[in-house]
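# Architecture at a glance
Residue-level listing of the chains:
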Amino acid sequence: MNFTVTQEKIGAVRADCEIVIVINKQLDHKWVHDKKDLETLNFKGTLDEVAFLPHQHRVYTGVDSLERDEVRIAVSNALHAIAKTNYKSVKIASYVKDCPVTNTKAIVEGSKLGTYRFDRYKSEKEPFSIEEMIISLEEYAEKTLNLDPAKIAVKDAETIAEVTNHAKEIVNTPPDDMTPEALAKYAVELANDLDNVSYFIGDQNFLEEQNMGAFLAVSRASTHAPRLIHLTYKPENAKERFVFVGKGLTYDSGGLSLKPSEHMVSMKADKSGAAAAISILEGAARLKVPFEVHAIIGACENMIGGNAYKPDDVLVAKNGKTIEVRNTDAEGRLVLADCLCYATELKPDYLVDLATLTGACVVAVGEYTTGVMGHSSPLKHAIMSAATKSGELTGSLPFNRYLKKLLKSNIADLSNISSSRYGGAITAALFLDNFVEEPYKEKWIHLDIAGPAYVEKDWGYNQAGASGAGVRMCLYWMKDLAYKASQKNHPHKKEK
Ligand code: BES
Ligand code: ZN
Ligand code: ZN
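All of the points below concern the structure found in this document. (Residues numbered from 1 in each chain as written. Chains lettered and ligands numbered in written order. Predicted model: local features only at pLDDT ≥ 70, side-chain atom pairs only at ≥ 80, totals over all residues. Heavy atoms only, no water.)

## So, the packing of aromatic side chains
Pairs of aromatic rings are described using the distance from one ring centre to the other and the angle between the two planes. Here the structure, examined in full by the defined rule, presents 14 aromatic pairs. Here the aromatic residues Phe-242, Phe-244, Phe-291, Tyr-350 and Trp-477 are joined through ring pairs into a cluster of three or more. (Phe/Tyr/Trp six-rings, centres within 6.5 Å; stacked < 30°, edge-to-face > 60°.)

This is the structure we're talking about:
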């Protein structure tokens, strides 16, 4: 779908169909032309209500307020209602309040995220005829004729939604088609397509040279060799260095601590952290953020076999710490342990890991919310407020000294599982903490995306399946920081 912004009044814009947002039951709003029909349909004008009036070529979609995630949901709902028509173009007013950018972005993001389909494996694809969306900025244009900020906003929003959809595509791809080697190939092709992006792919020998005993143990029983994928985006005069580390279990059967069948289904999604890190890097490069950005992926499969690693094994991680394996299904933290050691060697200013790490996180905050953990409150706060703007849900889970003690092992430096059944999302993060060197502890954030990365039913503008969790929050966060940095260079400009 193409997006254009215009200063023409919505009534004057030519399109096959119009989307009208009804704000909190305001059926007397100037853009509501069909009040009687809406009343007949008992359409009130609240969130998640849609009324398509084919004869009028209008689709009404409700919101409780113009809060940006409601706008995303409403636009996505409206497009679903007209998805089976043969309309080629659709128009919508931007509902600008004081800022031309916020809702315009939300409209574009809601459209692109909401119309994503994973239909690669379907013999018959559902058609979607809409090719163009025209956004009228008439209320904004009354004040100024400069549409440039809105045009830039549209481009940025398109990029953010597109790379989020790319993350969904990686995650949704079945495990036999998205093996560690295939993921590495994807990353190499992506790097070749982007400016200022380079790559390094580490194979089994490299992992051995690096003494990544934990990562290697997890991958040992798979017929697919592991890969450490390292992408770097380095623009000229880059400011800070961001390192994103992603859990890339292309399949998690649980290993010898085998998962029960019903929990194994959907474990192709255990590569969601990897998909997010790669897509964040793609977004950073395409948005041209003024930072150096790295994506480090630990890609492998957790399988069973005669050579599988076992409960009772003791592994040696890259930093020399010994780990008693008490459950082979707590494998993500083992892979991440070695990847975090590798990542800290890059001396990051910000270190973020993304992982579908624990079922306990889903129990704690529910399936739509990312668990945010770390030692630095300001950093957690910054990411969480960017997440809210981006439309992602987060909840902070607190560390404490007592939970840390639960990872003690009688025979090694630490155990890969906690001795208590409570607080599993936090104890998993505290395990990772052992692999983040002292100067980087305050720079580190752990995002447990086990819930929102893959939900088997539609929610808002997200389809059943992968959602690209983590991508939008991290890109909004970097954009926020880039904006703040640019304001520092121009102190006469007021902060928005
Ligand atoms: N990949 C899973 C976590 C997961 C669970 C992700 C549900 C998405 C949805 C992880 O490797 C795992 O199996 N964790 C165990 C840890 C336990 C053995 C301490 C879990 O959460 O049960
Ligand atoms: Zn597992
Ligand atoms: Zn896992």
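## Describing the coordination of the zinc ion (ligand 3)
The protein atoms donating to the zinc ion (ligand 3) are Lys-247 (NZ), Asp-252 (OD), Asp-270 (OD) and Glu-331 (OE), with metal-donor distances spanning 2.0 to 2.4 Å. For the zinc ion (ligand 3), the six donor atoms in the first shell make angles of 76 to 174 degrees at the metal, so the coordination geometry reads as octahedral. Each donor residue of the zinc ion (ligand 3) belongs to the same chain, and together they define the spacing K-x4-D-x17-D-x60-E. Between the zinc ion (ligand 3) and the zinc ion (ligand 2) the interatomic distance amounts to 3.2 Å, and Asp-252 serves as a bridging ligand to the pair. Of this pair, Lys-247 sits in strand E9 (residues 241-252) while Asp-270 is found in the loop between helix H9 (261-264) and helix H10 (272-287), placing the two residues 23 residues apart along the sequence. With respect to class, Lys-247 is no different from Asp-270; both count as buried. (Donors = N, O, S within 2.8 Å, 3.2 Å for Na, K, Ca; no water. Tetrahedral: all angles 85-135°; square planar, octahedral: opposite > 155°, others 65-115°. Helix = DSSP H or I, 4+ residues; strand = E, 2+ residues; numbered from the N terminus. Buried < 20%, exposed > 50% of the residue type's maximum accessible area, 1.4 Å probe, protein only.)

## Focus on a nonpolar patch on the surface
Residues Leu-256, Leu-258 and Ile-304 make up a contiguous nonpolar surface patch of about 260 Å² in total accessible area. Take Leu-258: it is sitting in the loop between E9 and H9. On the basis of relative accessible area, Leu-258 is assigned to the partly exposed category, the value being 44%. (Patch = residues over 30% accessible without salt bridge, like charges linked within 9 Å, V, L, I, M, F, W, Y side chains within 5 Å. Areas by Shrake-Rupley, 256 points an atom, 1.4 Å probe, with all protein chains shown as cover. Salt bridge = Lys/Arg side-chain N within 4 Å of Asp/Glu carboxyl O.)

## Side note on the pattern of salt bridges
Applying the stated criterion across every chain, the model contains 24 salt bridges. Glu-109 serves as the salt-bridge partner of Arg-72, at 2.7 Å between the closest nitrogen and oxygen. Note that Arg-72 is positioned in helix H2 (residues 68-81) and Glu-109 in helix H3 (residues 102-114), a separation of 37 residues in sequence. The residues Arg-72 and Glu-109 share a single accessibility class, namely buried. Ionic contacts of the salt-bridge type, sharing partners, join the residues Lys-112, Lys-155, Glu-158, Glu-162, Glu-282 and Arg-286 into one network.

## Thoughts on the packing of helix H5 (residues 148-172) against H10
Interaxial distance between H5 and H10 falls to 9 Å at its minimum, and their mutual angle equals 155 degrees. Classified by the interaxial angle, the pair formed by H5 and H10 is roughly antiparallel. As for the relative orientation of H5 and H10, their crossing is right-handed in sense. In contact with Asp-156, Thr-159, Ile-160, Glu-162, Val-163, His-166, Ala-167, Ile-170 and Val-171 of H5, H10 contributes Ser-272, Ala-275, Ala-276, Ser-279, Glu-282, Gly-283, Arg-286 and Leu-287. (Axes fitted to C-alpha atoms, helices over the stretch in contact; angles between N-to-C directions. Parallel < 35°, antiparallel > 145°, perpendicular 65-115°, else oblique. Left-handed = near helix turned anticlockwise from the far one by under 90°. Contact = heavy atoms within 4.5 Å.)

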